[in-house]
Amino acid sequence: MTLIVEDLVAGYGDARVLHGVRLTVGDGEICAILGPNGAGKTTLLRALSGMVKVRGRIALDGAELAGRPPDALARQGVAHVPEGRGTFMPLTVEENLRLGAYVRRDRASVEEDLERVHTYFPVLRTRLKQAAGSLSGGEQQMLAIGRALMLRPRLLLLDEPSLGLAPLVTRELFRIVQAVNAEERTTVVVVEQNAHLALGIAQQAHVLETGRIVLSGTAERIRADEQVAQSYLGYRV
Amino acid sequence: MSSAITSVKTSVKTLAATVPAARWRWLAVAALLAAACYAPFQLAPFHVFQLTMVLVYAVALLGLDLLVGHAGQISLGHGAFFAVGAYATAIMLDRLALPYPLTLPLAAGTAFVLGLAFGVPAVRLRGLYLALVTLAVAIFLGPLLKRFEAVTGGSMGLTLAKPQPPAWSGLAEDQWLYLLTLVVAVAAFLVAGSLLRSRAGRALHAVRDDEVAAEVMGVRLSSYKTLAFAWSAMFAGVAGCLYTWVIGFVSPDSFTVNLSITLLAGLVVGGLGSMSGPVLGALFVMFVPGIAQDINDAAPGVIFGLLIIAVMYVAPTGLAGLAGRLVKKVPRKE
Ligand SMILES: Nc1ncnc2c1ncn2[C@@H]1O[C@H](COP(=O)(O)OP(=O)(O)OP(=O)(O)O)[C@@H](O)[C@H]1O
Ligand SMILES: [Mg+2]
């Protein structure tokens, strides 16, 4: 699925956060969004999944998505794993996963996908009847991503999947995202503080600052850019 | 003596260890049902009547729990939908002379449609605002019933003949009414249970736990909030219908704001979001006001209030939560 975003303006009430964002993500690509705190990265993902009011253009394979409500976008195959994971804590792991497939009517393939999610995240299989709130942070993030996969997403939006996780768990998670992307050819937009990891799996990247994209390029180029490394990525090359 | 107790304890332990937890629940439900079927043949008619009313309240609380416990909405007007079911039944029996089995689905349908109509505007409200609007509905209902005297019988209400036991059954009236109510109540719990286990039930829980996340998952918030109102009203309507069958009389004074508030208090005391909560809450609603009266004839309301506070202090998650905690304390073999 090719995602095309043009002149995207979004915000909360009167407060504008995004001031004309423009980006393109090719079919089956992983795109990393980097930038400092408060830049509007989360707001960008919220705009893409219909959670905030937007102006401008968002097209997924030609279908116009801007201005449509979140449930309609879910039906179009947009799966959002929000910052803080959006897990339904009192519900069981299985109920959470099944909720991910809420908009789908094809029961048989939902069972198949449940199985598929278990192969990506074997730990979830052993926790199916457990309340999601009793999972560890890493397991909850896996559940959140697994739940998003249950939608059979065409566009997967990940907001800081590494937040609060141990480095080892984070690496494992990114490896799985990469595997999902390779096997299902799901287009992925990932917002990440850990720029090193995100650039490791992404084909291209954009740096967002105060609601504008200030730098775009292939992941390799962004990684090699010394100035970016210093001012946005927080490490020296 | 003490050795007998120890041996009983060990046999309970082995029993507890051999039977899985889920099966214990079913055993408990089966035992309760057996007792419920046996009760009307052992108790005095007045006590049979009291148990019948417990079942009626349990169905009403089941409906309220769909809205409050499972959908996370609040209603101080549940008594109004209960009244709608009761009056719809009374009017169908009295003015239209319909056979009483027919009044049950029709009363349920009427309440469902009204719940739906009410749920549409209620979707825009939440928390205290929703509480206030539903309270207004409960307040409004009394004068409305009095106003349309030609249909509702005004403040005098309507008196009706109760459903009579068929001659072949050999049952007394109170036993027949009890068994009718039991059958309907069991069916209501089965329907609610399968509703909650379905895709729709999951969506309802998702909306309760995190509206935004539910919406992103594709759940249409407005339709579920509206449906929760309609379902909740439907069960209230069923309970209202049973009420009219059992009491044989409706009047505006039977469905005051007090009823709505007592129902909400009963549900919270019984426990939110479980199947046992409505039953325990119904027992509370039925028997505790009487107990309060026994304790202090002059101010039963004060005692009732104090008892609610006392229960909530001991069992902040309701009686169902307390029962759950006690069951977990039953010794299990490792
Ligand atoms: N719900 C909201 N209501 C009003 N303003 C908001 C809301 N959420 C975010 N903002 C504002 O929008 C701006 C961008 O926030 P956003 O969460 O998109 O940043 P971010 O790039 O995701 O930051 P971080 O890296 O800290 O997650 C901030 O100035 C923030 O204060
Ligand atoms: Mg953010």
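See above for the structure.
Bear in mind the structure is a predicted one, so any value in this text is a computation, not a measurement.

**Student:** Would you explain the overall build of chain A in this entry?
**Tutor:** Counting its regular elements, chain A contains 10 helices and 10 strands. Its C-alpha atoms put chain A at 50 × 40 × 30 Å along the principal axes. Put simply, chain A has 237 residues, and 56% of those count as buried. In chain A, 67% of the contacts between residues at least 6 apart in sequence involve partners at least 24 apart.

**Student:** Honestly, the overall build of chain B in this entry has me stumped. Any pointers?
**Tutor:** Within chain B, the regular secondary structure consists of 15 helices and two strands. A compact globule built from 334 residues should have a C-alpha radius of gyration of about 20 Å, and chain B, at 21 Å, falls within 12% of that. Across its three principal directions, the C-alpha atoms of chain B cover 70 × 60 × 45 Å. Counting across all 334 residues of chain B, residues that qualify as buried make up 47%. A fraction of 76% describes how many contacts in chain B between residues 6 or more apart in sequence connect residues 24 or more apart. With the model as given, the accessible surface of chain B reaches about 16300 Å², and the carbon-plus-sulfur share is 71%. One finds the centroid of the 21 positive side-chain charges in chain B at a distance of 12 Å from the centroid of its 13 negative side-chain charges.

**Student:** Any chance you could explain the packing of aromatic side chains here in plain terms?
**Tutor:** Geometrically, a pair of aromatic rings is defined through the distance of the ring centres and the angle of the planes. Within the structure shown, the criterion is met by 11 aromatic pairs over all chains. Ring centres of Tyr100(B) and Trp245(B) lie 5.3 Å apart, and the angle between their planes is 85 degrees; this geometry places the pair in the edge-to-face category. A residue pair is termed long-range when its members are at least 10 positions apart, and Tyr100(B) in helix 5 (residues 100-122) and Trp245(B) in helix 11 (residues 221-247) qualify at 145 residues. The partly exposed category is assigned to Tyr100(B), whose relative accessible area is 22%. Feature note: the residues Tyr57(B), Phe82(B), Tyr87(B), Tyr243(B) and Phe255(B) constitute an aromatic cluster, connected by ring pairs. Directly above the aromatic system of Phe148(B) lies the positively charged group of Arg147(B), at a separation of 5.6 Å from the ring centroid. Here the basic side chain of Arg199(B) rests over the ring of Tyr102(A), its NZ or CZ set 4.0 Å away from the ring centre.

**Student:** Quick question: what am I supposed to make of a nonpolar patch on the surface here?
**Tutor:** Residue and element names in this part refer to chain B. A contiguous nonpolar surface patch, about 380 Å² in accessible area, is contributed by Phe140, Leu144, Phe148 and Val151. With respect to the helices and strands, the residue Leu144 is situated in helix 6 (residues 127-147). We classify Leu144 as partly exposed; its relative accessible area is 35%.

**Student:** I tried to follow the site of ligand 1 on my own but got confused; where do I start?
**Tutor:** Residue and element names in this part refer to chain A. The immediate surroundings of ligand 1 are formed by 14 residues, with Gly38, Lys41, Thr42, Thr43 and Glu83 found nearest. Interatomic distance of 2.6 Å between a side-chain N/O atom of Lys41 and an oxygen atom of ligand 1. Between ligand 1 and the protein, one listed contact pairs an oxygen atom with a side-chain N or O atom of Thr42 at 2.6 Å. Within the complex, 60% of the 630 Å² of free accessible area of ligand 1 lies under protein. Of the residues assigned to the shell around ligand 1, the class counts are four nonpolar, six polar and four charged.

**Student:** I tried to follow the pairing of strand 10 (residues 212-218) of chain A on my own but got confused; where do I start?
**Tutor:** Residue and element names in this part refer to chain A. Here six bridges tie strand 9 (residues 204-209) to strand 10, and the two strands are oriented antiparallel to one another. Considered in strand 10, the bridge of Gln204 is made with Thr218. Where strand 9 hands over to strand 10, the hairpin turn is made up of two residues, of which Thr210 adopts a positive phi near 35 degrees.

**Student:** What is the right way to look at the pairing of strand 1 (residues 3-12) of chain A in this model?
**Tutor:** In the case of a regular strand, side chains alternate between the two sheet surfaces. Residue and element names in this part refer to chain A. Bridge analysis of strand 1 against strand 2 (residues 15-25) gives eight bridges, and the strand direction is antiparallel. By the bridge assignment for strand 2, Leu3 is matched with Val25. Between the antiparallel neighbours strand 1 and strand 2 lie two residues, among them Gly13 with a positive phi of about 60 degrees. Alignment of strand 1 against strand 4 (residues 54-60), held across six bridges, turns out to be antiparallel. Each residue of the ladder has a partner; that of Val9, found in strand 4, is Arg55.

**Student:** Mind showing me how you'd approach the nonpolar core here?
**Tutor:** Side chains of a nonpolar character, in soluble globular proteins, are inclined to be buried together. Counting residues in each nonpolar core, the largest one holds 137 residues, and the members touching the most others are Phe121(A) and Phe255(B). Those residues in contact with Phe255(B) that sit more than four places away from it in its chain are Phe82(B), Ala83(B), Ala86(B), Tyr87(B), Tyr243(B) and Val250(B). Core analysis: the second largest hydrophobic core is formed by 29 residues, Leu60(A), Leu73(A), Val78(A) and Val191(A) among them.

**Student:** What is the right way to read the coordination of the magnesium ion (ligand 2) from this model?
**Tutor:** Six octahedral donors around a metal ideally make angles of 90 or 180 degrees; four tetrahedral donors ideally make 109.5 degrees. Residues and elements named next belong to chain A. Only Thr42 (OG1) and Glu83 (OE) from the protein reach the magnesium ion (ligand 2) as donors, at distances of 1.8 to 2.7 Å. Taken together, the residues span a long stretch of sequence, with Thr42 in helix 1 (residues 41-48) and Glu83 in the loop between strand 6 (78-81) and helix 3 (93-100) at a distance of 41 residues. When its relative accessible area of 38% is taken as the criterion, Glu83 is described as partly exposed.

What counts and how
Residues numbered from 1 in each chain as written. Chains lettered and ligands numbered in written order. Predicted model: local features only at pLDDT ≥ 70, side-chain atom pairs only at ≥ 80, totals over all residues. Heavy atoms only, no water. Helix = DSSP H or I, 4+ residues; strand = E, 2+ residues; numbered from the N terminus. Buried < 20%, exposed > 50% of the residue type's maximum accessible area, 1.4 Å probe, protein only. Contact = heavy atoms within 4.5 Å. Rg over C-alpha atoms; globule rule 2.2 N^0.38 Å. Areas by Shrake-Rupley, 256 points an atom, 1.4 Å probe, with all protein chains shown as cover. Lys, Arg positive; Asp, Glu negative; His and termini not counted. Charge placed at Lys NZ, Arg CZ, Asp CG, Glu CD. Phe/Tyr/Trp six-rings, centres within 6.5 Å; stacked < 30°, edge-to-face > 60°. Lys NZ or Arg CZ within 6 Å of the ring centre and 35° of its normal. Patch = residues over 30% accessible without salt bridge, like charges linked within 9 Å, V, L, I, M, F, W, Y side chains within 5 Å. Salt bridge = Lys/Arg side-chain N within 4 Å of Asp/Glu carboxyl O. Near = heavy atom within 4 Å. Polar contact = N/O pair within 3.5 Å; in protein donor to acceptor, adjacent residues only side chain to side chain. Nonpolar A, V, L, I, M, F, W, Y, C, P; charged D, E, K, R; others polar. Pairing = 2+ DSSP bridges. Core = buried A, V, L, I, M, F, W, Y, C linked by side-chain atoms within 4.5 Å. Donors = N, O, S within 2.8 Å, 3.2 Å for Na, K, Ca; no water.

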